[in-house]
Amino acid sequence: EPEVTQTPSHQVTQMGQEVILRCVPISNHLYFYWYRQILGQKVEFLVSFYNNEISEKSEIFDDQFSVERPDGSNFTLKIRSTKLEDSAMYFCASSEESMTGYTFGSGTRLTVV
Amino acid sequence: GIQVEQSPPDLILQEGANSTLRCNFSDSVNNLQWFHQNPWGQLINLFYIPSGTKQNGRLSATTVATERYSLLYISSSQTTDSGVYFCAVQRTGTALIFGKGTTLSVSS
């Protein structure tokens, strides 16, 4: 079964540093998403991406965050200057169409120290 | 925005027992999914079920879209069923929104 692949699985970074989280969506999917989950809390929507541009973003997705599809396969989330409160599990997801089922990757656990 | 309420928040079962998890949502939706988050944090897609009934082994789900709820049934529960079960819904033009989840603990 096709998978969404995320790397790295775990990243530790110093406060104030930039991090890039990487995702390879399913190859024939057109819609891409980032979500985050702070430990013990619910999964929160960050941003959706379609046709090389952001289609929707939440209040969490402020100027510190950016997304990019640098080539035909990768989809990245950049956090410019990490804060302690950015520590969370970050999930990438993709879907074939906007209203079809989402497939989630295994997540990247980001720890900011 | 749309509200998603899941109940119960926590559930403790003995192995072999059956259970029903509920998801209520505040507005009409075009997409509804059930996920299982395992102890390693992975989100496993169980069902894509905006309406109707589906079954997959010991798990089944029913969504009654007109009454704005969905049910996830787990029969003959096993310890590997433990984890958090999330319902997530989506309206046209918006992102998939998650409920707070039901934490299931199955003991042998």
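Note: the structure precedes this text.
(A) Fine view of the sheet that holds strand β3 (residues 19-25) of chain B. All names here are of chain B. Taking strand neighbours across the sheet as the criterion, the five strands line up as β1-β3-β8-β7-β6 in an open arrangement whose pairing is antiparallel. Looking at strand neighbours, the two that pair on one side only are β1 (4-7) and β6 (52-56), the edges of this open sheet. Averaged over neighbouring strand pairs, the angle between their axes works out to 15° when direction is ignored. Summarising the sheet, β1 and β3 pair through four bridges and their orientation is antiparallel. Bridging across to β3, Gln-6 finds its partner in Cys-23.

(B) Local environment of the state of the cysteines. Evaluation of the coordinates by the stated rule reveals two disulfides over all chains. Between Cys23(A) and Cys92(A) runs a disulfide, and the two sulfur atoms are separated by 1.9 Å. Linking Cys23(A) and Cys92(A), the disulfide has an S-S dihedral of approximately -65° and is accordingly described as left-handed. Of the two residues, Cys23(A) is situated in strand β3 (residues 19-24) and Cys92(A) in strand β9 (residues 88-95); the sequence distance between them amounts to 69 residues. The class for Cys23(A) is buried, based on a relative accessible area of 0%. With a sulfur-sulfur separation of 2.0 Å, Cys23(B) is cross-linked through a disulfide to Cys87(B). On the sign convention where negative is left-handed, the bridge of Cys23(B) and Cys87(B), at about -60° about the S-S bond, is left-handed. Here the residue Cys23(B) occupies a position in strand β3, and Cys87(B) occupies one in strand β9 (residues 83-90), the gap between them amounting to 64 residues. An identical accessibility class is assigned to Cys23(B) and Cys87(B); each is buried.

(C) View of the pattern of salt bridges. Overall, the coordinates contain three salt bridges over all chains when judged by the stated rule. Measuring nitrogen to oxygen at the nearest pair gives 3.3 Å for the salt bridge that ties Glu44(A) to Arg36(A). Of the residues examined, Glu44(A) reaches a relative accessible area of 23% and is grouped as partly exposed. In this structure, Arg91(B) engages Asp27(B) in a salt bridge whose closest nitrogen and oxygen atoms are separated by 3.1 Å. With a gap of 64 residues between them, Arg91(B) in the loop between β9 and β10 (97-98) and Asp27(B) in the loop between β3 and β4 (31-37) connect regions that are remote in the sequence. For Arg91(B), a relative accessible area of 33% corresponds to the partly exposed category.

(D) Just the packing of aromatic side chains, in detail. Counted by the stated rule, this structure contains 15 aromatic pairs over all chains. Between Phe104(A) and Phe98(B) the ring centres are 5.7 Å apart and the planes differ by 85°, which places this aromatic pair in the edge-to-face class. Here Phe104(A) is found in strand β10 (residues 103-104), whereas its partner Phe98(B) is found in strand β10 on a different chain. Judged by relative accessible area, which is 1%, Phe98(B) ranks as buried. Taken together, the ring pairs connect Tyr33(A), Tyr35(A), Phe45(A), Phe91(A), Tyr102(A), Phe104(A), Phe35(B), Phe86(B) and Phe98(B) into an aromatic cluster. The cationic tip of Arg22(B) hangs over the ring face of Tyr69(B); the distance from NZ or CZ to the ring centre is 4.2 Å.

Analysis parameters
- Residues numbered from 1 in each chain as written.
- Chains lettered and ligands numbered in written order.
- Predicted model: local features only at pLDDT ≥ 70, side-chain atom pairs only at ≥ 80, totals over all residues.
- Heavy atoms only, no water.
- Pairing = 2+ DSSP bridges.
- Helix = DSSP H or I, 4+ residues; strand = E, 2+ residues; numbered from the N terminus.
- Axes fitted to C-alpha atoms, helices over the stretch in contact; angles between N-to-C directions.
- Disulfide = S-S within 2.5 Å.
- Buried < 20%, exposed > 50% of the residue type's maximum accessible area, 1.4 Å probe, protein only.
- Salt bridge = Lys/Arg side-chain N within 4 Å of Asp/Glu carboxyl O.
- Phe/Tyr/Trp six-rings, centres within 6.5 Å; stacked < 30°, edge-to-face > 60°.
- Lys NZ or Arg CZ within 6 Å of the ring centre and 35° of its normal.

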